[in-house]
Amino acid sequence: MSAVTDHFRTVFGEEPEGVWESPGRVNLIGEHTDYNDGLVLPIALPQRTYAAARRRADGILRLSSTAGGDVTEIALHDVAPGVPEGWGRYAAGVLWALREAGYLVGGLDVAIDSTVPIGAGLSSSAALEGAVAAAASDLFGLGLLADDETRTTLAALCQKAENVIAQAPTGGMDQSASLRCTAGHAILLDCRSGHVSQIPFEIERHGLVLLVIDTRAEHTLGDGQYGNRRAACERAAKELGVASLRDIPYSHLADALHKLEHDPELFTRTQHVVTEIQRVRDTVEALEQGELAEVGLLFTSSHLSLRDDFDVSCEELDVAVDTAIAAGALGARMTGGGFGGSAIALVPERLVPSVEMAIYSAYEHHKFTKPLFFRAAAAGGARRTE
Ligand code: ADP
Ligand code: MG
């Protein structure tokens, strides 16, 4: 019996009608590009969030998570921005967004269990939304898991839930990764058109491991840093007379930067976004050519750009990245929004233990919380489990 089914029985005293799962993700490259209509390249992780669910006839949503907290209970028509309190808003938001879009969705009892580290920049929030969305789609016969097109609709509704009800102003990468990834592939997501290309990601054939380093440094996007970066990008686009920074081709970067010389903030933010979008294209090409050393170098350039131009790194991330490279990684970078969370490193298989040891000692030396490591593999998207 799965932990989530067990939890459902304990809390609600009944059998769930089914269990659905949706993965966390790690973004290979393309950071802070999603809300600039740019490109991102995430993989879905084997780590996932499970939702055991059962329909109710009274329009009430009850939620309980093995991660703790009381049972949240709310009538669906009471769901609103910031309501309910706490983590339940991510789940309630999904049902709200479905109803707003005209889907006939009723009440549910939902138990949640997750193997995605929460708040580690690996997108536990989108995994939670995806699992609830998958459950609602199947239980209310919406058919939104059918193919990539319907999953695109579902991803957009999950993003709306996170933006409007959970009030986190994030782009759409996490939900797309959780719902649209396929095993063995990264998705190249064009955040303007919503178009996805499946890019084979088979680094083990090159004797490499994608090592995820959870720095355990709290990543808090709620303190305005994220909104503030977004606003700077929007201001830069306006000054440059374009709809978004995506519209500045890499070949026109020098011109654009020249126009922003009077404002160092807009200058550096633009430099990051435009070069980062180009790095995503270059990474896809290098992966297709099997040039993994080049992929490593692109990871490292991305990190330096995020650290120096976008200013969203932190000491824990920098130490993880620098130490991994010094210990033999082909490249490394912070992943996710920044200010903590996780880093990734592309490491020759035989060097993984020494890279981990080196990072442990560096963290000890800096008196940082002990980091966590795992090897990432490109897994599939949301689906029914049981
Ligand atoms: P990330 O998505 O990188 O893990 P976020 O800050 O976007 O970080 O989302 C984390 C929030 O999502 C948590 O604070 C909590 O509100 C909610 N959450 C995610 N997974 C769970 C879970 N299994 N149980 C309860 N809440 C969860
Ligand atoms: Mg999140």
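That block above? That's the structure.
Our subject in this report is the structure included herewith.

Reading the values: rules and limits
- Residues numbered from 1 in each chain as written.
- Chains lettered and ligands numbered in written order.
- Predicted model: local features only at pLDDT ≥ 70, side-chain atom pairs only at ≥ 80, totals over all residues.
- Heavy atoms only, no water.
- Helix = DSSP H or I, 4+ residues; strand = E, 2+ residues; numbered from the N terminus.
- Rg over C-alpha atoms; globule rule 2.2 N^0.38 Å.
- Buried < 20%, exposed > 50% of the residue type's maximum accessible area, 1.4 Å probe, protein only.
- Contact = heavy atoms within 4.5 Å.
- Areas by Shrake-Rupley, 256 points an atom, 1.4 Å probe, with all protein chains shown as cover.
- Lys, Arg positive; Asp, Glu negative; His and termini not counted.
- Charge placed at Lys NZ, Arg CZ, Asp CG, Glu CD.
- Near = heavy atom within 4 Å.
- Polar contact = N/O pair within 3.5 Å; in protein donor to acceptor, adjacent residues only side chain to side chain.
- Nonpolar A, V, L, I, M, F, W, Y, C, P; charged D, E, K, R; others polar.
- Pairing = 2+ DSSP bridges.
- Axes fitted to C-alpha atoms, helices over the stretch in contact; angles between N-to-C directions.
- Parallel < 35°, antiparallel > 145°, perpendicular 65-115°, else oblique.
- Left-handed = near helix turned anticlockwise from the far one by under 90°.

**Comments concerning the overall build of the protein chain**
Phase 1 of the analysis: Helix and strand counts for the protein chain come out as 11 helices and 13 strands.
Phase 2 of the analysis: Taken against the 2.2 N^0.38 rule, which gives 21 Å for 386 residues, the C-alpha radius of gyration of the protein chain at 21 Å falls within 12% of a compact globule.
Phase 3 of the analysis: If one aligns the C-alpha atoms of the protein chain with their principal axes, the spans along those axes are about 60 × 50 × 40 Å.
Phase 4 of the analysis: Looking at the protein chain as a whole, 58% of its 386 residues are labelled buried.
Phase 5 of the analysis: Contacts in the protein chain between residues far apart in sequence, at least 24 positions, make up 72% of those at least 6 positions apart.
Phase 6 of the analysis: Total accessible area on the protein chain is roughly 15200 Å²; 49% of this is exposed by carbon and sulfur atoms.
Phase 7 of the analysis: On the protein chain, the mean spot of the 32 positive side-chain charges and the mean spot of the 53 negative ones are 2 Å from each other.

**Describing the site of ligand 1**
Phase 1 of the analysis: Residues in close proximity to ligand 1 total 16 residues, the closest being Ser65, Trp87, Gly119, Ser124 and Ser125.
Phase 2 of the analysis: A distance of 2.7 Å separates a nitrogen atom of ligand 1 from a polar side-chain atom of Ser65.
Phase 3 of the analysis: One of the side-chain nitrogen or oxygen atoms of Ser125 is found 3.0 Å away from an oxygen atom of ligand 1.
Phase 4 of the analysis: Expressed as a share of its isolated accessible area of 570 Å², the protein-covered part of ligand 1 is 80%.
Phase 5 of the analysis: Those elements giving two or more residues to the shell around ligand 1 turn out to be β6 (107–114) and α3 (124–139).
Phase 6 of the analysis: The element contributing the most residues to the shell around ligand 1 is α3, with 3 residues.
Phase 7 of the analysis: Looking at the shell around ligand 1 residue by residue, the classes come out as 8 nonpolar, 8 polar and no charged.

**Here we look at the sheet that holds strand β2 (residues 39–40)**
Phase 1 of the analysis: Strand order in the open sheet formed by 3 strands is β2-β7-β8, and the pairing between neighbours is antiparallel. Strands at the two margins of the open sheet, each flanked by one partner only, are β2 and β8 (196–200).
Phase 2 of the analysis: Relative to strand β7 (residues 185–190), β2 is paired through 2 bridges, and the arrangement is antiparallel. Paired with Leu39 across the bridge in β7 is Asp190.

**With respect to the packing of α3 against helix α4 (residues 148–165)**
Two quantities define a packed helix pair, namely the angle between the axes and the distance from one axis to the other.
Phase 1 of the analysis: Contact geometry of α3 with α4 gives a least axis separation of 10 Å together with a crossing angle of 125 degrees. Judged on the interaxial angle alone, α4 and α3 are oblique. Remark: the crossing between α3 and α4 carries right-handed chirality. Of the residues in α4, those touching α3 at Ser125, Ala126, Glu129, Gly130 and Ala133 are Leu154, Cys158 and Glu162.
Phase 2 of the analysis: Of the residues contributing to the contact of α3 with α4, the split by class is 4 nonpolar, 2 polar and 2 charged.

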